[in-house]
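Notes for the structure review
Single-letter residue listing:
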Amino acid sequence: MKKRIAIIVALVALIGITLYFYNDANMKKAYENIILEFVENVQIEYGSTVDANSFVKTHNGDEFASGNIDTSSIGEKETTYTVKQNKIEKAFVLKYEVVDTCKPEIKLKKSSVTIKNNESINILDYVSSVSDKVDGELKYMDYPSDTDNNYYTFTTNLNPSKAGTYTVDFVAVDKNGNKSTTKMSVNVKSGVPSSYTG
């Protein structure tokens, strides 16, 4: 009797172990069969709003959850998507790069100014706006260093006491180092010397 019970227990244990490994193998196979394919070489513009699903070419899940796309700063990033099929969940990582290809915009009120020697001129009076599409208005800086950003400035060879045509070079640099330039000419007529201010 005891021998029979032992045999039954052994058979039950064997069946249990067999079912466990069978189910485990099936789950592994089902896990491996879950697919999600991303588009290649994902680049996203800094500060933009994007649909995370637009980077998915295909998936075979019953349920699908997209990742969180962060465009608040530039650089290489990654986010996790999940696909669920028959209650089995699998994670997929999307690697993407946020880039800033938009230069700041410099708008001048005039591209050319004529003054007399007895007139003073404030160069900044001829700046309408300097702004970045994402970060907004850029502030004027007198003497920026090579490591500064998010500013605009100007340089000029203007000599108000001498008649002639001079150039004012404007430079704007956004938060991520994109640079824009533009020029304004200043024509100084002969006469009593004047001055200019920046």
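This report concerns the structure included in the present document. (Residues numbered from 1 in each chain as written. Predicted model: local features only at pLDDT ≥ 70, side-chain atom pairs only at ≥ 80, totals over all residues. Heavy atoms only, no water.)

1. Digging into the overall build of the protein
On a plain count of helices and strands, the protein comes out with one helix and 16 strands. Burial analysis of the protein (198 residues in total) assigns 28% to the buried set. When contacts within the protein are restricted to residue pairs at least 6 apart in sequence, long-range pairs at least 24 apart make up 54% of them. (Helix = DSSP H or I, 4+ residues; strand = E, 2+ residues; numbered from the N terminus. Buried < 20%, exposed > 50% of the residue type's maximum accessible area, 1.4 Å probe, protein only. Contact = heavy atoms within 4.5 Å.)

2. Side note on the packing of aromatic side chains
Applying the stated criterion to the full structure yields five aromatic pairs. Centroid distance F38 to Y81: 5.0 Å. Interplanar angle 65 degrees. Geometry classified as edge-to-face. With F38 in strand β1 (residues 36-38) and Y81 in strand β5 (residues 75-85), this residue pair connects regions lying 43 residues apart in the sequence. Judged by its relative accessible area of 16%, F38 is buried. With a centroid separation of 5.9 Å and 50 degrees between ring planes, the pair formed by F154 and F170 is classed as tilted. (Phe/Tyr/Trp six-rings, centres within 6.5 Å; stacked < 30°, edge-to-face > 60°.)

3. Here's the deal with the sheet that holds strand β15 (residues 179-188)
As summarised here, the arrangement of the five strands in space is β8-β15-β14-β13-β12, forming an open sheet in which the pairing is mixed. The open sheet has two edge strands with one neighbour each: β8 (112-115) and β12 (139-140). As defined by bridge partners, β12 adjoins strand β13 (residues 151-156) across two bridges and the pair is classed as parallel. Across the sheet, the residue bridging to Y140 is Y152, located in β13. (Pairing = 2+ DSSP bridges.)

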